[in-house]
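Descriptive analysis of the structure
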Amino acid sequence: MLRFLNAGESHGPALTAIVEGYPSNVNVSSDRINHELARRQKGYGRGGRMKIEKDTVEILSGVRFGITLGTPITLMIKNKDWENWTDIMAVEGQPIDKRQILEPRPGHADLIGGIKYGFYDLRNVLERASARETTTRVAVGALCKILLEDIGIKIGSYVLSIGEKKIDKEEIKNLSYEERFENAEKSEVRIPVLGKDEEFKEYIDKMKEEGESLGGVFEVYALNVPVGLGSYSQWDRRLDGIIAQAIMSIQAIKGVEIGEGFNLAYTTGYNAHDEIFWSKEKGFYRKTNRAGGLEGGMTNGMPIVVRAAMKPIPTLMRQKSLKSVNVKTKEPFDAAKERSDITAVPAAAVVAESMLAFVLAREILQKFGNDNWIEIKKRIEEYREYVKSY
C-alpha cells in the first residue's frame, strides 16, 4: 500500500518524507516537485516566512536517472531560516530561554499539546503542529500527481471565498473545471474569476491594518477518475470518508463537503440525486454531479468535487489580542504572537490538491497493483474498456 511518513520542525534543519509503495518505472523529476512547492508558497496575504524560504526538494533515495525503483523514496526540503534558529532548536545541548513560549494561543495546538506531551515550553508543540509541515505533503502530492497525470487524471483547485469576499456560483457555472483552474493560477488569491483580484487584495490589506486574520472556502477537484475506487464493503474503505479525513487533516480546516454537500439537506430526493443515462459511445453516464463523483463510498466516473472551509489563522497581530493564560504562573496574558500569515486559503487549496492526489494514487495502486507502473497502466486501460462496455 502506498503510504508516507513526514518529519521535521518548522524552524529545524529540514523537513523530510519517506514514501513507501510507489511503483517502479515512473518518470519523476525534482523540477516537477519544485513547481508544486512554489505554488504552495504563493498567495496574497502570506507572511514574511515566504520571503525567506524558497523551498526546493532533494530526492535522496528510490530514484535513479529520473526513474523510480519501486523502493522507498526519501524527500528532503531544507529550512533556509535554520541558521537563525540553531541555538533555539538545537538537537543537543541545554535549552535556553530565548523565544520560549509559555502563553498558549487560542485556536492552536499549543495548550493541549503541552498537556498531552508534558511540556511547558510550548515551542515543542507549535514547531511540529505548524502548517510548515504541509511542505512535505505537497512534495509527496507532486509524486502522486505525476502518477495520476500519466493515466489522464487531472487535479486542481481554486478559492471561492476569503473572509466576507465571495465568488458567486453564477460567475463560474459556465466555466469548466480546467478554465477555473487556469484562471486561479493567474490570480494572486487563486480565485477562478479574472479581474477581481484587486477587490480581494484591498479587503485583505484592510484586515491586515486591523491586525486580523482571515479564513475562507476553496474547492478541489479530480477529473477522469475511474469508476469503482473505494468500497461500500467496510466503513473505513468508503472513499468519501477517506477523502474527507485527508482534507480535514490540513491545519485550520474545520469543514469538508463533497458535491452539493450540505445543500442536499435542504432539498427533496428528486432534486438531490444524479439520474443515470446510457449511450453506446459513453456507456453509463450522468448529466448532473450533485454527489460530487462519489456514491456508496465509491467513485462513479464523474468529477470528484470537494469543498473545504478554513478557519481564520489564530495568530493575530492586533494590539488587543486574544486572551490566554501563562502555563507556569497561571496569570492572564495576551496570546503570544508568532510570525504568521493574514490568510493562507490559497496555499491550503494547493495542499488539498496534494492530499486528494495521495488518496487517489493509493486507491489506484490498491485496486490495480503497486509494483511495476508499466504493468499497472495496462490493467487500468483494460478496466476502463470493461467499464465502458458494461
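Scroll up to find the structure.
Every residue gets a number counted from 1 within its own chain, in the order that chain's sequence is written. Predicted model: local features are reported for residues with pLDDT of at least 70 only, side-chain atom pairs are reported and counted for 80 or more only, and whole-chain, interface and lining totals are derived from all residues. Note that the side-chain values use all heavy atoms of the structure and ignore hydrogens as well as water.

**A look at the packing of helix 1 (residues 30-41) against helix 5 (residues 134-149)**
Here an angle of 0 to 180 degrees is reported between the N-to-C directions of two axes, which are lines fitted to C-alpha atoms, with helices fitted over the stretch in contact. A run of H or I in DSSP counts as a helix once it spans at least four residues, and a run of E counts as a strand once it spans at least two, with each numbered from the N terminus. Across the interface, helix 1 lies against helix 5 with an axial gap of 9 Å and an inter-helix angle of 130 degrees. As summarised for this structure, helix 1 and helix 5 are arranged oblique, according to the angle between their axes. Our pair here, helix 1 against helix 5, has a crossing hand that is right-handed. Touching Arg32, Ile33, Glu36, Leu37, Arg39 and Arg40 of helix 1 are Thr134, Thr135, Val138, Ala139, Ala142, Leu143, Lys145, Ile146 and Glu149, all from helix 5. Within the contact of helix 1 with helix 5, the residues separate by chemical class into seven nonpolar, two polar and six charged. An angle below 35 degrees is read as roughly parallel, one above 145 as roughly antiparallel, one from 65 to 115 as roughly perpendicular, and any other as oblique. By the definition used in this description, the sense in which the near helix is turned from the far one sets the handedness, with an anticlockwise turn below a right angle giving left-handed and a clockwise turn giving right-handed. Contact criterion: two residues are considered in contact whenever any of their non-hydrogen atoms come within 4.5 Å of each other. Polarity classes work like this: nonpolar for Ala, Val, Leu, Ile, Met, Phe, Trp, Tyr, Cys and Pro, charged for Asp, Glu, Lys and Arg, and polar for all others, with Gly in that last group.

**Some words on the sheet that holds strand 8 (residues 154-162)**
Spatially, the five strands line up as an open sheet ordered 9-8-10-16-11, and their pairing is antiparallel. Only two strands of the sheet have a single partner each, and these edge strands are strand 9 (165-166) and strand 11 (253-258). Bridge count for strand 11 against strand 16 (residues 304-310) is five bridges, and the pairing is antiparallel. Within the sheet, the bridge partner assigned to Val256 lies in strand 16 and is Ala308. Running over the sheet, helix 11 (residues 345-368) touches strand 8, strand 10 (216-223) and strand 16 and is turned about 150 degrees from strand 8. For two strands to be treated as a pair, DSSP must find at least two bridges joining them.

**Examining the pattern of salt bridges**
We define a salt bridge as a contact between a side-chain nitrogen of Lys or Arg and a carboxyl oxygen of Asp or Glu at a distance within 4 Å. Overall, the coordinates contain 29 salt bridges when judged by the stated rule. The partner of Glu375 in a salt bridge is Arg379, and the shortest N-O contact between them spans 3.4 Å. Here the residue Glu375 and the residue Arg379 both occupy positions in helix 12 (residues 373-389), the gap between them amounting to four residues, near one helical turn. Connected through shared salt-bridge partners, Arg32, Glu36, Arg39, Lys145, Glu149, Glu185, Arg190 and Glu353 make up one network.

**Structural notes on the packing of aromatic side chains**
A pair of aromatic rings is counted whenever rings of Phe, Tyr or Trp (Trp by its six-membered ring) have centres within 6.5 Å, and the orientation is called stacked for planes under 30 degrees apart, edge-to-face for over 60 and tilted otherwise. All told, the structure shown has nine aromatic pairs when counted by the stated rule. Ring plane angle 20 degrees and centroid distance 6.5 Å describe the contact between Tyr117 and Phe119, whose orientation is recorded as stacked. On the basis of relative accessibility, which here comes to 58%, the residue Tyr117 falls in the exposed class. Since its relative accessible area comes to 32%, Phe119 is described here as partly exposed. Here the aromatic residues Phe284, Phe368, Tyr383, Tyr386 and Tyr390 are joined through ring pairs into a cluster of three or more. In this scheme, Lys NZ or Arg CZ marks a charge over a ring once it lies within 6 Å of the ring centre and within 35 degrees of the ring normal. The lysine or arginine in question, Arg180, covers the ring of Tyr177, its NZ or CZ lying 4.9 Å from the ring centre. In this scheme, a residue with accessible area under 20% of its type's maximum is buried, one over 50% is exposed, and one in between is partly exposed, where area comes from a 1.4 Å probe on protein chains only.

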